[in-house]
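# Structure at a glance
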Amino acid sequence: MDRFRFVLYRPLQLLPVLLGISIITFVLIRSIPGDPARLLLGTKSTPEAIARIRAQFGLDEPLWVQYLYFLKNLFNGEMGTSILYRIDVVRLIGERIGPTLSLVLGSVILAIAIAVPLATAAARNRGSLIDHTIRIISTAGLGFPAFWLGIMLIILFSVKFDMFPVSGYGDGFADRLHHMVLPCLTVALALSAVLTRNLRASMIAELSSDHATAARARGLPEGMVFWRHVLPNSLVPTINLLAVNIGWLIGGTVVVETVFSLPGMGQLLVRGIFTRDYMVVQGVAMAFACAAVLINFLADILTAAADPRVKI
Amino acid sequence: MSAPLLDIRDLSIEAHKDGERLGIVERVSFSVATGEILGLVGESGSGKTVTCRALMRLLPTRSLRISGGKIEFAGRNLVTASEAEMRHIRGARIGMIFQNPASHLDPVMRIGRQIGESLVLHLQMSPREAKAQTIELLRQVGIPDPQRRADDFPHQFSGGMRQRAMIALALACSPELLIADEPTTALDVTVQAQILRLLVELRDKRGLSIILITHDLGVVAQTCDSVAVMYAGRICEKGPKRDVLAEPLHPYTSRLIACQPSASAEAGLLPSIPGQPPSPSAWPSGCRFHPRCERAIGLCRSSAPELVTVRSNHVAACHVTAPARLADEAA
Ligand SMILES: Nc1ncnc2c1ncn2[C@@H]1O[C@H](COP(=O)(O)OP(=O)(O)OP(=O)(O)O)[C@@H](O)[C@H]1O
Ligand SMILES: [Mg+2]
């Protein structure tokens with residue numbers, strides 16, 4: 001019953017958040033100096049041409065009228081038409097969502113695949129050479145900016161060894177997978193540094209917890225104590241950390257998509273900002289906001305599934 | 001008489017921290033016969049829990065270690081036993097009930113599965129057999145509706161039910177020895193009485209030996225056969241329950257008895273032993289109880305008394321009362 005209500009009501013809480021985001025992005029993008037029509041027409045711009053474009057996209061209306069139009073469109077599931085691409089923003093996002101989604105999903109899976117074994121090795125051999133090495137590497141990993149790491153990976157694996165493509169999205173499943181390896185690795189390395197440190201700390205706490213001692217007192221060998229009791233308990237706080245970081249990671253895709261020339265939403269956003277393509281910027285920002293809220297919603301469900309004490 | 005099931009001789013445990021060593025438990029000896037309930041009493045910090053953890057070889061290895069002595073269990077010395085050997089003893093031949101059942105149950109695993117874990121491990125049961133046996137065990141310790149309750153998580157149990165589940169867990173593989181570390185401290189009086197009755201019943205039915213750790217001499221009077229009193233990491237008196245409670249020798253034991261609520265009910269308030277129990281980093285010289293002892297003499301400050309047998313099986317470590325009693329008995 002509780003769960004049912006949660007699943008029902010939680011999306012409703014999304015509404016005020018989205019309303020706030022819509023106002024903020026609407027105001028922010030319009031407060032950057034520069035006129036989309038003038039930027040679009042460039043040197044060929046004449047006052048008449050500019051006026052025509054402004055009228056076409058409703059930019060000559062007062063700001064509050066423009067905002068109401070934007071809201072009205074949103075309720076109809078529309079986000080206006082891109083000034084630059086001259087197509088529907090929803091369709092545009094639909095075309096660009098693939099690379100971003102694969103980037104986020106791929107990075108998260110890869111980051112977990114890196115963090116769990118590393119944290120396990122460090123926590124179970126606490127104070128040993130392995131532990132210190134892993135700690136140093138993960139601390140260093142926190143310090144590297146994503147774009148720098150990406151460029152280094154390109155230099156190493158693409159330029160030097162010619163193992164992976166330098167940039168682009170590729171065609172067909174296998175080719176795309178091949179193209180996604182380096183971008184995902186770039187994001188995953190940064191993310192796994194945070195995850196490893198956090199997971200190691202909670203594993204160490206769980207290893208000396210009372211219930212682990214009780215499991216040993218039952219005669220369970222150390223390995224079983226770890227996999228059955230320590231790991232499941234230490235994953236609980238990590239789920240939330242992951243959710244927080246995915247929010248940050250969505251922002252990070254902007255940089256990584258630019259470094260690897262991936263035709264995703266991050267890239268779309270950057271180009272939209274440079275050309276003052278208001279509709280595109282608003283649309284992508286709304287989509288990112290929805291994604292962030294959705295991910296937190298999923299994390300809450302996952303946490304409740306992993307920890308029966310959590311009431312949702 | 002045959003050899004006791006458990007015989008601890010001169011067990012010492014030290015803490016090591018930053019290269020410094022502290023004696024936490026010193027030359028503790030006691031034994032438990034088959035079917036015997038031994039009460040281990042003493043103030044907080046006297047080393048009861050640490051002694052019992054050592055017995056299971058479950059001391060936190062980063063901070064504590066056994067520095068001497070023997071733990072003979074069914075003819076084996078557990079101090080030198082291999083880790084693999086210990087795994088076959090823990091849970092299978094020695095069960096343990098912990099001081100705080102709430103934290104000693106895995107919060108994210110169903111109660112039934114936690115109990116089933118040892119059944120599968122030690123008795124090689126199939127998961128289905130283990131499930132059936134788990135429900136039977138929960139029924140035996142008095143959990144109502146065990147079929148359904150086995151699927152509950154620990155937080156869905158009340159404190160008393162958690163302690164019962166803990167007992168079911170500890171007894172799952174029919175161990176010969178049960179260590180119960182303050183099994184009733186966190187519970188209200190009626191539940192406390194039920195749990196203690198359950199333990200006595202198990203002893204009567206199965207011939208289980210029990211080490212019952214407690215603060216409460218009332219509990220000892222109700223349930224135990226013999227008592228060992230610990231003070232500041234040492235045993236100061238031990239013997240048959242009747243002898244120790246009726247004719248305590250060590251001034252500390254006398255004070256403990258005087259501090260029991262029932263004895264002081266008329267006085268209207270609970271007397272307590274003046275002063276604080278000492279900590280391992282500042283053990284007093286000589287007899288560790290001397291700073292709080294009314295009967296202390298000069299000798300108590302300088303030399304630690306040895307345990308002296310005053311009557312069959314009743315021993316005490318006191319410079320003042322033990323020789324006096326010996327003289328009485330001789331007269
Ligand atoms: N891991 C540890 N490292 C260092 N000292 C410890 C450790 N665990 C316990 N001690 C010390 O050992 C002493 C005995 O502790 P123990 O828990 O055995 O007391 P206790 O008699 O069980 O007390 P209580 O009645 O409060 O449970 C205490 O002084 C405590 O500070
Ligand atoms: Mg204790």
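Residues numbered from 1 in each chain as written. Chains lettered and ligands numbered in written order. Predicted model: local features only at pLDDT ≥ 70, side-chain atom pairs only at ≥ 80, totals over all residues. Heavy atoms only, no water.

## Notes on the overall build of chain B
- Within chain B one finds 13 helices and twelve strands.
- By the compact-globule yardstick of 20 Å for 331 residues, chain B fits well, its C-alpha radius of gyration being 21 Å.
- Each principal axis of the C-alpha atoms in chain B carries an extent, and together these give about 65 × 50 × 45 Å.
- With 331 residues in all, chain B has 53% of them scored as buried.
- Summarising the internal contacts of chain B: among those between residues at least 6 apart in sequence, 62% fall at separations of at least 24.
- When the accessible area of chain B is evaluated, it comes to approximately 14,700 Å², of which 52% is carbon and sulfur surface.
- In chain B, 38 positive and 34 negative side-chain charges are present, and the distance between their average locations comes to 3 Å. (Helix = DSSP H or I, 4+ residues; strand = E, 2+ residues; numbered from the N terminus. Rg over C-alpha atoms; globule rule 2.2 N^0.38 Å. Buried < 20%, exposed > 50% of the residue type's maximum accessible area, 1.4 Å probe, protein only. Contact = heavy atoms within 4.5 Å. Areas by Shrake-Rupley, 256 points an atom, 1.4 Å probe, with all protein chains shown as cover. Lys, Arg positive; Asp, Glu negative; His and termini not counted. Charge placed at Lys NZ, Arg CZ, Asp CG, Glu CD.)

## Brief notes about the coordination of the magnesium ion (ligand 2)
Residues and elements named next belong to chain B.
- Taken together, Thr49 (OG1) and Gln99 (OE1) make up the full set of protein donors to the magnesium ion (ligand 2), lying 1.9 to 2.6 Å away. Here threonine 49, found in helix H1 (residues 48–55), pairs with glutamine 99, found in the loop between strand E6 (94–97) and helix H3 (101–104); they are 50 residues apart in sequence, far enough to count as distant.
- The partly exposed category is assigned to threonine 49, whose relative accessible area is 23%. (Donors = N, O, S within 2.8 Å, 3.2 Å for Na, K, Ca; no water.)

## With respect to the interface of chain A and chain B
- Listed as interface residues are 21 residues of chain A and, on the opposing side, 24 residues of chain B.
- Of the roughly 2,000 Å² buried where chain A meets chain B, counting both sides, 62% is carbon and sulfur surface.
- The largest share of the area that chain A buries against chain B comes from Ala217, Arg218 and Pro308 of chain A, three residues that together contribute 30% of it.
- Put simply, chain A and chain B have two salt bridges between them.
- For the pair chain A and chain B, the interface holds twelve residue pairs in polar contact (both at pLDDT 80 or more).
- Counting residues per element, the ones that place at least two in the side of chain A that touches chain B are helix H9 (210–217) and helix H10 (222–259) of chain A.
- Examining the composition of the side of chain A that touches chain B, we find that six residues originate from one element, H9 of chain A, more than from any other.
- Across the side of chain A that touches chain B, the residue classes break down as eight nonpolar, five polar and eight charged. (Buried area = accessible area lost by both parts, 1.4 Å probe. Salt bridge = Lys/Arg side-chain N within 4 Å of Asp/Glu carboxyl O. Polar contact = N/O pair within 3.5 Å; in protein donor to acceptor, adjacent residues only side chain to side chain. Nonpolar A, V, L, I, M, F, W, Y, C, P; charged D, E, K, R; others polar.)

## Points about the packing of helix H6 (residues 129–143) of chain A against helix H8 (residues 173–207) of chain A
All names here are of chain A.
- Orientation of H6 relative to H8, taken along the N-to-C sense of each, is 135°, at an axis distance of 8 Å. Classified by the angle between their axes, H6 and H8 sit oblique to one another. When you trace H6 past H8, the crossing you get is left-handed. Mapping the contact onto sequence places Asp131, Ile134, Arg135, Ser138, Thr139, Gly141 and Leu142 in H6 and Ala190, Ala193, Val194, Thr196, Arg197 and Arg200 in H8.
- When grouped by side-chain class, the residues that make up the contact of H6 with H8 number five nonpolar, four polar and four charged. (Axes fitted to C-alpha atoms, helices over the stretch in contact; angles between N-to-C directions. Parallel < 35°, antiparallel > 145°, perpendicular 65-115°, else oblique. Left-handed = near helix turned anticlockwise from the far one by under 90°.)

## Looking at helix H8 (residues 189–206) of chain B
All names here are of chain B.
- Compared with an ideal rise of 1.5 Å per residue, which puts 18 residues at 26 Å, H8 spans 26 Å between its outermost C-alpha atoms and is within 8% of the ideal.
- Considered for burial, the residues of H8 that qualify are Val191, Gln192, Ile195, Leu196, Leu198, Leu199, Leu202 and Arg203. Angularly, the buried residues of H8 cover 150° about the axis, an arc narrow enough to put them on a single face. The exposed set on the far side of H8, more than 90 degrees from its buried face, consists of Val189, Thr190, Arg197, Asp204 and Lys205.
- Downstream of H8 by a residue or two, glycine 207 has a phi angle that is positive, lying close to 70°. (Expected span 1.5 Å × (residues − 1). Arc of directions from axis to C-beta.)

## Observations concerning the pairing of strand E7 (residues 177–181) of chain B
Residues and elements named next belong to chain B.
- Within E7, five of the five residues are buried, which leaves the element mostly enclosed by the surrounding structure.
- Of the two faces of E7, the one carrying Leu177, Ile179 and Asp181 and the one carrying Leu178 and Ala180 are both buried.
- One ladder, built from four bridges, connects E6 with E7; its direction is parallel. Note on E7: the bridge partner recorded for methionine 96 is isoleucine 179.
- Across five bridges, E7 lies against strand E8 (residues 209–214) in parallel orientation. Within E8, the position partnered with aspartate 181 by the bridge is isoleucine 213. (Pairing = 2+ DSSP bridges.)

## A look at the confidence of the model for chain A
- Summarising the model, chain A shows a mean pLDDT of 85, and 97% of its residues fall at 70 or more.
- When pLDDT is averaged over each helix and strand of chain A, the minimum, 75, is found for helix H7 (residues 146–160) of chain A and the maximum, 95, for H9 of chain A. (pLDDT = per-residue confidence, 0-100.)

## Things to note about the nonpolar core
- Ranked by internal contacts, the top residues of the largest apolar core, which has 97 residues, are Leu6, Phe30, Leu55, Ile94, Ile167, Ile211 and Leu212 of chain B.
- No other element matches helix H7 (residues 159–171) of chain B, which puts eight residues into this core.
- Discounting chain neighbours no more than four positions away, the residues touching leucine 6 of chain B are Phe30, Ser31, Val32, Leu55, Ile71, Glu72, Phe73, Leu177 and Ile211 of chain B.
- The next biggest cluster of nonpolar side chains, apart from the first, holds 59 residues, and it includes Cys184, Val256, Met265 and Met286 of chain A. (Core = buried A, V, L, I, M, F, W, Y, C linked by side-chain atoms within 4.5 Å.)

## What about the environment of methionine 56 of chain B?
- Examined against the element boundaries, methionine 56 of chain B turns out to sit in the loop between H1 and strand E4 (64–73).
- Taking C-alpha positions, methionine 56 of chain B is 8.0 Å from leucine 78 of chain B, a pair spaced 22 residues apart along the chain.
- With residues up to four places along the chain from it excluded, the contact list for methionine 56 of chain B reads Ala217 of chain A together with Met86, Arg90, Ile94, Gly95, Met96 and Ile179 of chain B.

## Overview of the site of ligand 1
Residue and element names in this part refer to chain B.
- As a matter of local geometry, ligand 1 sits amid 17 residues, with Ser44, Gly45, Lys48, Thr49 and Gln99 nearest to it.
- One of the backbone nitrogen or oxygen atoms of serine 46 is found 3.3 Å away from an oxygen atom of ligand 1.
- Glutamate 182 places a polar side-chain atom, nitrogen or oxygen, 3.1 Å from an oxygen atom of ligand 1.
- Taking 640 Å² as the accessible area of ligand 1 by itself, protein coverage stands at 69%.
- By residue class, the composition of the shell around ligand 1 is six nonpolar, eight polar and three charged. (Near = heavy atom within 4 Å.)

## Here's the deal with the pairing of strand E2 (residues 20–32) of chain B
Residue and element names in this part refer to chain B.
- Alignment of strand E1 (residues 6–17) against E2, held across nine bridges, turns out to be antiparallel. Note that in E2 the partner of glutamate 14 across the bridge is glycine 23.
- Counting the residues between successive antiparallel strands, the hairpin from E1 to E2 contains two residues, one of them, aspartate 18, with a positive phi of roughly 50°.

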